[in-house]
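These are the residues of each chain, in order.
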Amino acid sequence: MNIVFLSGKGGTGKTTVSTNIAYLNGFNYYDCDVEEPNGHIFLKPVINEIIDSGVLNPVINEDKCTLCNACVRNCQFGALVNTGKKIMVFNELCHGCGTCSLSCKYDAITEVKRTLGKVEVGTYEKAKFVRGILNVKEPLAVPVIKDVKKLINNEENNIIDSPPGTSCTVVETLEDMDFAVLVTEPTRFGLSDLKMAVYVVREMKIPFGIVINRSSKDDHIITDYLESENIDLIGKIPYSMRAARLYSEGKMMIEDEEFYERFKKLSEDIIKRVDK
Amino acid sequence: MKILLGSKTNTVGSEVDNRFGRAEYYAIYDTETKEYTFTDNSAKDGAHGAGPKAAQIAIDLGVDVIITGNLGPRALAVVENTDIKSFRINGETLQENVDNYLNDKLEPINAAGPSHAGN
Ligand code: SF4
Ligand code: SF4
């Protein structure tokens with residue numbers, strides 16, 4: 001069972017919710033938010049293994065290349081350009097799919113690995129902990145997310161922390177998910193981000209529900225929309241100074257008695273929906 | 001000689017489009033026939049790498065000159081590997097820019113503007 005936690009661009013407390021639910025249930029935790037993975041701050045894992053994550057970029061042997069253009073035509077990512085004098089490779093656009101070297105009939109392409117980041121593998125409590133870390137300034141995140149997801153065993157219970165937003169990294173993360181929890185907050189920005197996230201999960205046909213974090217008297221901003229779209233509200237987590245302090249100290253919310261009860265209820269409500 | 005300009009519409013009286021990789025259309029002006037032809041910009045819809053794709057379009061169309069607002073670092077790197085010369089827009093319409101180019105009133109592009117690579 002794979003439950004993914006997703007949010008809009010602004011920090012809506014997605015990781016707070018996902019780590020607390022994971023911890024409470026002893027579920028494995030996979031951090032796919034590779035540009036800013038921070039689940040480890042709360043789950044405090046022990047890391048046993050670090051795997052290098054990268055792609056194979058083509059290198060063109062100009063002596064063998066006939067400028068036949070086959071590689072350029074077949075590259076879906078626009079990473080190759082034929083200037084008429086040579087083939088230029090833009091490594092930062094290359095996804096390492098290998099299509100170009102397969103399409104070269106002149107044996108002019110070799111592949112060289114380029115590191116994009118790493119994947120840390122370990123445990124917290126008794127569950128697995130995996131996180132992807134993208135190198136600073138590296139624009140290509142999808143291959144690192146793929147490397148994290150390769151380690152997921154669909155037979156186990158897994159929580160996946162998605163990158164924020166709606167870009168291709170989110171789409172990659174959402175593949176093979178059984179249920180998505182969209183974490184939002186009751187503000188106008190929260191609503192507009194939520195609408196985009198709803199669009200993506202609907203496109204990908206993933207069952208989903210909403211959690212309102214920092215719930216307040218403004219909740220109607222979100223709930224009016226949910227009602228009009230007939231979207232399932234799973235639960236709410238109220239804003240409190242205590243919560244903010246626990247967060248800033250890197251502590252789990254469930255260390256607080258009141259929040260423990262709330263998260264227990266919330267996690268039952270989520271699991272009930274996934275099992276359906 | 002052929003000149004490529006980003007164009008907001010595919011009509012002769014159009015305003016220029018400042019963007020290179022993500023221009024709506026490309027206008028190609030032929031200095032011999034003094035006529036424009038237009039083409040859709042197939043590069044603009046992808047999430048990433050519109051600049052190099054657009055540069056490939058310019059190369060494949062066999063243009064000699066590009067007139068645009070800015071070239072991103074990747075598009076500029078491509079153009080520098082060809083005989084194509086690039087100039088910065090000065091004027092509202094396609095024709096004003098063509099006239100300014102022909103009268104040596106456009107400034108060459110030597111440095112890259114911001115990239116729109118995204119993630
Ligand atoms: S490996 Fe794939 S993405 Fe990279 S240049 Fe070759 S065809 Fe393009
Ligand atoms: S397919 Fe091979 S020979 Fe043809 S342009 Fe690409 S590298 Fe050169």
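Please read all numbers here as calculations on a predicted model, not as lab measurements.

Engineer: Explain helix H9 (residues 241-248) of chain A to me, please; I cannot follow it from the model alone.
Structural biologist: Its side-chain oxygen at 3.3 Å from the backbone nitrogen of A:Arg242, A:Ser240 defines the N-terminal cap of H9(A). Just downstream of H9(A) lies A:Gly250, where phi reads positive at about 70°.

Engineer: Explanation requested: the sheet that holds strand E1 (residues 2-7) of chain B in the structure shown.
Structural biologist: Each strand in a sheet pairs with its neighbour through backbone hydrogen bonds, running either in the same direction (parallel) or in the opposite one (antiparallel). All names here are of chain B. Strand order in the open sheet formed by 5 strands is E3-E2-E1-E4-E5, and the pairing between neighbours is mixed. With partners counted over all chains shown, the strands left at the sheet margins are strand E3 (35-40) and strand E5 (85-88), one partner each. Pairwise comparison of adjacent strand axes, ignoring direction, gives a mean angle of 25° for this sheet. Here E1 pairs with strand E2 (residues 25-30) via 6 bridges, running antiparallel. Opposite leucine 4, over in E2, you have isoleucine 28 as the bridge partner.

Engineer: Help me understand the site of ligand 1, please; the structure alone is not making it clear to me.
Structural biologist: Around ligand 1, a shell composed of A:Pro58, A:Cys75, A:Phe77, A:Ala79, A:Leu80, A:Cys94, A:His95, A:Gly96, A:Cys97, A:Gly98, A:Thr99 and A:Cys100 is seen. Class assignment for the residues of the shell around ligand 1 results in 8 nonpolar, 4 polar and no charged.

Engineer: Help me understand the pairing of strand E8 (residues 158-161) of chain A in this model?
Structural biologist: If a strand is regular, its side chains alternate between the two faces of the sheet. All names here are of chain A. Side chains Asn158 and Ile160 of E8 all project onto a buried face; the interleaved residues Ile159 and Asp161 project onto the opposite face, where all are buried too. Note: strand E1 (residues 2-7) against E8, 4 bridges, orientation parallel. Note that in E8 the partner of valine 4 across the bridge is isoleucine 160. When strand E2 (residues 28-31) meets E8, the two strands line up parallel, connected through 4 bridges. Considered in E8, the bridge of tyrosine 30 is made with isoleucine 160.

Engineer: Is there a simple way to think about the packing of aromatic side chains in this case?
Structural biologist: Two aromatic rings are characterised by how far apart their centres lie and by the angle between their planes. For the structure shown, the criterion picks out 7 aromatic pairs over all chains. Measuring from ring centre to ring centre gives 5.8 Å for A:Tyr29 and A:Phe129, while their planes differ by 15°; the resulting arrangement is stacked. One end of the pair, A:Tyr29, is in strand E2; the other, A:Phe129, is in strand E7 (residues 127-134), with 100 residues separating them in the sequence. When its relative accessible area of 0% is taken as the criterion, A:Phe129 is described as buried. Both rings, one in B:Phe20 and one in B:Tyr26, keep their centres 6.3 Å apart while their planes meet at 50°; by these two values the pair is tilted. Its relative accessible area of 0% is what places B:Tyr26 among the buried residues. By the ring-pair criterion, three or more aromatic residues cluster together here, those being B:Tyr29, B:Tyr36 and B:Phe38.

Engineer: Looking at this model, I keep getting lost on unusual backbone geometry. Mind explaining?
Structural biologist: Trans is the common state for peptide bonds, and a negative phi is the common state for residues other than glycine. Phi is positive for A:Asn69, which is not a glycine, with a value near 80°. Under the relative-accessibility criterion, A:Asn69 is labelled partly exposed at 25%.

Engineer: Help me understand the side chain of A:Asp269, please; the structure alone is not making it clear to me.
Structural biologist: Within the secondary structure, A:Asp269 sits in helix H10 (residues 257-275). Within the structure, A:Asp269 has its side chain in polar contact with the side chain of A:Lys272 (distance 3.1 Å).

Engineer: Hey, could you run me through the packing of helix H1 (residues 14-25) of chain A against H10(A) in this one?
Structural biologist: Packed helices, taken two at a time, are described by the angle their axes make and the gap between the axes. Residues and elements named next belong to chain A. Packing of H1 against H10 brings their axes to within 10 Å, and their N-to-C directions diverge by 85°. With respect to H10, the axis of H1 lies roughly perpendicular. The residues of H10 that touch H1, namely those facing Thr16, Val17, Asn20, Ile21, Leu24 and Asn25, are Tyr260, Phe263, Lys264, Leu266, Ser267, Ile270 and Ile271. Looking at the contact of H1 with H10 residue by residue, the class counts come to 8 nonpolar, 4 polar and 1 charged.

Engineer: Is there a simple way to think about the nonpolar core in this case?
Structural biologist: In summary, soluble globular proteins display a tendency toward joint burial of nonpolar side chains. Membership of the largest hydrophobic core comes to 38 residues, with the highest contact counts inside it found for A:Leu174, A:Leu182, A:Leu194 and A:Phe208. The leading source of residues in this core is helix H7 (residues 188-203) of chain A, at 6 residues. Counting residues in hydrophobic clusters, the runner-up holds 36 residues, among them A:Phe90, B:Tyr26, B:Leu71 and B:Val79.

Engineer: Would you mind going over the interface of chain B and chain A with me for this structure?
Structural biologist: The accessible area lost on association of the parts is a frequent measure of interface size. The interface of chain B with chain A comprises 14 residues on the first partner and 17 residues on the second. Approximately 1,300 Å² of surface area, both sides summed, lies buried where chain B meets chain A, with 60% of it carried by carbon and sulfur atoms. For the pair chain B and chain A, the interface holds 2 salt bridges. We note a salt bridge from A:Lys85 to B:Asp83, for which the minimum N-O separation is 3.2 Å. Where chain B packs against chain A, one counts 3 residue pairs in polar contact (both at pLDDT 80 or more). For the side of chain B that touches chain A, the elements supplying multiple residues, two or more each, are helix H1 (50-60) and helix H2 (73-80) of chain B. With 4 residues, H1(B) is the single largest residue contributor to the side of chain B that touches chain A.

What counts as what
Residues numbered from 1 in each chain as written. Chains lettered and ligands numbered in written order. Predicted model: local features only at pLDDT ≥ 70, side-chain atom pairs only at ≥ 80, totals over all residues. Heavy atoms only, no water. Polar contact = N/O pair within 3.5 Å; in protein donor to acceptor, adjacent residues only side chain to side chain. Helix = DSSP H or I, 4+ residues; strand = E, 2+ residues; numbered from the N terminus. Pairing = 2+ DSSP bridges. Axes fitted to C-alpha atoms, helices over the stretch in contact; angles between N-to-C directions. Near = heavy atom within 4 Å. Nonpolar A, V, L, I, M, F, W, Y, C, P; charged D, E, K, R; others polar. Buried < 20%, exposed > 50% of the residue type's maximum accessible area, 1.4 Å probe, protein only. Phe/Tyr/Trp six-rings, centres within 6.5 Å; stacked < 30°, edge-to-face > 60°. Parallel < 35°, antiparallel > 145°, perpendicular 65-115°, else oblique. Contact = heavy atoms within 4.5 Å. Core = buried A, V, L, I, M, F, W, Y, C linked by side-chain atoms within 4.5 Å. Buried area = accessible area lost by both parts, 1.4 Å probe. Salt bridge = Lys/Arg side-chain N within 4 Å of Asp/Glu carboxyl O.

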